[in-house]
Amino acid sequence: MKKVEDKNAIKVKNVTKAFKLFYDKPTTLKERLVFWNKKKSDEHVVLKGIDLEIKKGETVALIGTNGSGKSTLLKLMTKIIYPTQGKIITNGKLTSLLELGAGFHQDFTGRENIYFNAAIFGLTKKEIDARLDDIIEFSELGEFIDSPVRTYSSGMYMRLAFSVAINVEADILLIDEILAVGDQHFQDKCFAKLKELKDSDKTIIIVSHSLGAVKMLCNRAIWLFNGEVQLDGKTEDVIDEYLKVCG
Amino acid sequence: MKNFFVELYNYRELLKTNVKKEIRGKYKGSFLGVLWSFVNPLLMTLIYAIVFPFLLRNTTPHYTTYLIIGVLPWNWFTTVISQGTSTFLANAGIIKKVYFPREILPISVVTSGLINFLISCIIIAIFLICSGIGFSQYILFLPIILIAQYIISLAAIFVTSAVNVYIRDAEYIINFLIQMLFYATPILYTLDMFPVRFQKYLLLNPLVTIINGYRDIFYYQTMPNLKLLFTIIGSGIILLYICYKIFKKLEKGFAEEL
């Protein structure tokens, strides 16, 4: 039994997530007291009883229309938010790329931000030191690495952020629609790096609308529709079905 | 609970960089930089030293030194509470986007405060030398007092920081309470200005014992009240555990509430 369990990188057990929709969200005490009897919120169920098992080494795409719950599922997996019902078990070091450069400190240099950002992903100083050259090289920032991040162009900013995240070498990598970073050259590089990670037995979960990229990268796709799993299977099959309905 | 220490150990680098950021980042761009964290309490002391002797019959010798030994630890405490309470709002960006053990943030606020205070002990030393009071072996008890203050502050901001995410008023209420607490703590005055029967009520405030502790080892150069200090540490650890549990409960909704 234990062995079966260990093969899973992520296990999603009957997960339901409901958000409160506030008409006018009370954030102050006064509002809470004055409007205590007002009907303040509606439940909005984003995910309904999702059951998933993602095995180690799989590269999985989550596809679906806007509002189908893909990003919410990804956030649940990272433990940024918690399920209303059900349970998510993850196995191994997990890194998420929900937004590039979250947590960059504007006044610090690129190099300092590498340390800070990698530390957020749970790396120690030693581990960061070992990867520092790789990260700087991958970002192609050159001498700008020692300038404050606020002086960067948005492209440079993204490149640095992506370089940090991709070089963290987590067991599980969660990516939310960020494959379009930088110019064509850099995108190709990122793509190549993701392929390399995929081949090195990492578990990758990608939320994306660029079906072409998904087809090349993933061997399994999960189509979410209205908070439920519509179809789960080989990437080509799922995408074909998906395009029939949504194309 | 074991989990807590494992996570903290795994994310020790984040804690370290965060403490550094807290100390250095705060004053980045200002001319005096980190020096502000010492100039501020010095100016505060200066004001009290000028005004207070006018208001009260003041028989405390070396009053400025007496003051600074109270003001600096107090400054550590208030900075921790006010910064700690709003720490999750200030870091909303990363809370919503990245997972990391949330308790890192309050812990780094208290820790950076501690480091700041340790550096500002230089100021205390300068005052002790200039006033001719000097040093004694009782300084060795400093770590015990530091631990007591650390535990109490951390317990407090575990709750205030988490509550502030849900009810933004908390920040303002707490700032008021802190001001009240300032006058309930013998920073400007000495405890024996009060009748003995009041003193025991004042001692319910753990900061009284803590501030008195600093005074004992630096200013009066006597044994600090170890019995009271260890009572604070002991009950502080229990309090810390309860506050941490409350924090863990509230923490789950952070990303949605921010």
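Cut-offs applied
Residues numbered from 1 in each chain as written. Chains lettered and ligands numbered in written order. Predicted model: local features only at pLDDT ≥ 70, side-chain atom pairs only at ≥ 80, totals over all residues. Heavy atoms only, no water. Helix = DSSP H or I, 4+ residues; strand = E, 2+ residues; numbered from the N terminus. Rg over C-alpha atoms; globule rule 2.2 N^0.38 Å. Buried < 20%, exposed > 50% of the residue type's maximum accessible area, 1.4 Å probe, protein only. Salt bridge = Lys/Arg side-chain N within 4 Å of Asp/Glu carboxyl O. Phe/Tyr/Trp six-rings, centres within 6.5 Å; stacked < 30°, edge-to-face > 60°. Pairing = 2+ DSSP bridges. Axes fitted to C-alpha atoms, helices over the stretch in contact; angles between N-to-C directions. Contact = heavy atoms within 4.5 Å. Buried area = accessible area lost by both parts, 1.4 Å probe. Polar contact = N/O pair within 3.5 Å; in protein donor to acceptor, adjacent residues only side chain to side chain. Nonpolar A, V, L, I, M, F, W, Y, C, P; charged D, E, K, R; others polar. Core = buried A, V, L, I, M, F, W, Y, C linked by side-chain atoms within 4.5 Å. Parallel < 35°, antiparallel > 145°, perpendicular 65-115°, else oblique. Left-handed = near helix turned anticlockwise from the far one by under 90°. Arc of directions from axis to C-beta.

**Re the overall build of chain B**
Helices and strands together make up the secondary structure of chain B, namely 13 helices and zero strands. Reading chain B from its N end, one meets helices and strands in the order α-α-α-α-α-α-α-α-α-α-α-α-α. What you see for chain B is a C-alpha radius of gyration of 19 Å, in line with the 18 Å of a compact globule of 258 residues. Its C-alpha atoms put chain B at 55 × 45 × 35 Å along the principal axes. When burial is assessed residue by residue, chain B has 53% of its 258 residues classed as buried.

**Some thoughts on the pattern of salt bridges**
Scanning the entire structure with this criterion turns up 13 salt bridges over all chains. Put simply, E196 of chain A and K193 of chain A hold a salt bridge, and the shortest N to O gap is 3.9 Å. Of this pair, E196 of chain A and K193 of chain A both sit in helix 7 (residues 184-199), three residues apart, which is roughly one turn of the helix. For the salt bridge of E13 of chain B with K16 of chain B, the shortest nitrogen-to-oxygen distance reads 3.3 Å. On the criterion of helical spacing, the pair formed by E13 of chain B and K16 of chain B is a turn pair, its members being three residues apart in helix 2 (residues 12-25). For K16 of chain B, a relative accessible area of 45% corresponds to the partly exposed category. Where salt bridges share partners, they join E58, R220 and D232 of chain A into one cluster.

**Let's talk about the packing of aromatic side chains**
Residues and elements named next belong to chain B. Tallied over the full model, the rule gives 24 aromatic pairs over all chains. Taking 4.9 Å as the distance between ring centres and 70° as the angle between the ring planes, the aromatic pair formed by F4 and F5 counts as edge-to-face. With a centroid separation of 6.5 Å and an interplanar angle of 50°, the aromatic rings of Y166 and F254 are classed as tilted. Linking Y166 in helix 8 (residues 142-166) with F254 in helix 13 (residues 254-257), this pair joins segments that are 88 residues apart in sequence. Grouping aromatic residues by their ring pairs yields a cluster made of F4, F5, F88, F158, Y166, Y244, F247 and F254.

**Some details on the sheet that holds strand 3 (residues 59-63) of chain A**
Residues and elements named next belong to chain A. Here we have six strands laid out as an open sheet, ordered 5-6-7-3-8-9, and mixed in their pairing. The strands lining the two open edges of the sheet, one partner per strand, are strand 5 (94-97) and strand 9 (228-233). Pairwise comparison of adjacent strand axes, ignoring direction, gives a mean angle of 15° for this sheet. As defined by bridge partners, strand 3 adjoins strand 7 (residues 203-207) across four bridges and the pair is classed as parallel. Bridge assignment links V60 to a residue of strand 7, and that residue is I205.

**Considering the interface of chain B and chain A**
Counting residues at the interface gives 30 residues for chain B and 33 residues for chain A. Of the roughly 2,800 Å² buried where chain B meets chain A, counting both sides, 61% is carbon and sulfur surface. For chain B, the biggest contributors to the area lost against chain A are E13, K97 and Y99 of chain B; these three give 22% of the whole. With a closest N to O distance of 2.7 Å, K17 of chain A and E256 of chain B form a salt bridge. Put simply, chain B and chain A have two residue pairs in polar contact (both at pLDDT 80 or more) between them. Elements supplying a minimum of two residues to the side of chain B that touches chain A: helix 2, helix 6 (92-97) and helix 13 of chain B. Partitioning the side of chain B that touches chain A into residue classes produces eleven nonpolar, four polar and 15 charged.

**Section: the nonpolar core**
Counting 153 residues, the largest nonpolar core has I10, M77, I114 and I205 of chain A together with F100 and Y214 of chain B as its most contacted members. When residues in this core are grouped by element, the largest group, 14 residues, is from helix 8 of chain B. Look past the residues within four positions of I10 of chain A in its chain and what remains in contact with it is L52, E53, I54, M77, I88, I89, T90, I172, L174 and I205 of chain A.

**Concerning the packing of helix 3 (residues 36-55) of chain B against helix 7 (residues 104-130) of chain B**
Residues and elements named next belong to chain B. Two numbers describe how helix 3 lies on helix 7: the axes approach to 10 Å, and their chain directions differ by 50°. Taken as axis vectors, helix 3 and helix 7 run oblique relative to one another. For the pair helix 3 and helix 7, the sense of crossing is right-handed. Only N116, I119, S120, I123 and F127 of helix 7 make contact with helix 3, whose side of the interface consists of S37, F38 and L42. Among the residues making up the contact of helix 3 with helix 7, the classes are represented as five nonpolar, three polar and no charged.

**Overview of unusual backbone geometry**
Residues and elements named next belong to chain A. Backbone geometry places N14, a non-glycine residue, at a positive phi of 45°. You can see N14 is positioned in strand 1 (residues 8-22). The phi dihedral of N226 is positive, around 50°, even though this residue is not glycine. Assignment of secondary structure puts N226 in the loop between strand 8 (220-225) and strand 9. Look at N226 and you get partly exposed, because its relative accessible area is 44%.

**As for the pairing of strand 9 of chain A**
Residue and element names in this part refer to chain A. Where strand 8 and strand 9 come together, five bridges link them in antiparallel fashion. When the bridges of strand 9 are listed, L224 appears paired with V229. Adjacent in sequence and paired antiparallel, strand 8 and strand 9 are bridged by two residues, among which N226 carries a positive phi angle near 50°.

**Some remarks on the environment of G182 of chain A**
Position of G182 of chain A among the secondary structure elements: in the loop between strand 6 (172-176) and helix 7. Separated by 19 residues in sequence, G182 of chain A and S163 of chain A place their C-alpha atoms 12 Å apart.

**Side note on helix 1 (residues 2-10) of chain B**
All names here are of chain B. When helix 1 is considered as a whole, its buried residues turn out to be F4, E7 and L8. The arc that holds every buried residue of helix 1, seen down its axis, measures 100°, which confines them to one face. Helix 1 presents K2, F5 and Y9 as exposed residues on the side facing more than 90 degrees away from its buried surface.

**Thoughts on the packing of helix 6 (residues 154-166) of chain A against helix 7 of chain A**
Residue and element names in this part refer to chain A. Running from N to C, helix 6 and helix 7 cross one another at 10°; their axes reach a closest spacing of 12 Å. Relative to helix 7, the element helix 6 lies roughly parallel. Residues R159, F162, S163 and I166 of helix 6 form the contact with helix 7, whose own contacting residues are F186, C190, K193, L194 and L197. Classifying every residue of the contact of helix 6 with helix 7 by side-chain character gives six nonpolar, one polar and two charged.

As far as function goes, none of this settles anything; it's purely spatial.
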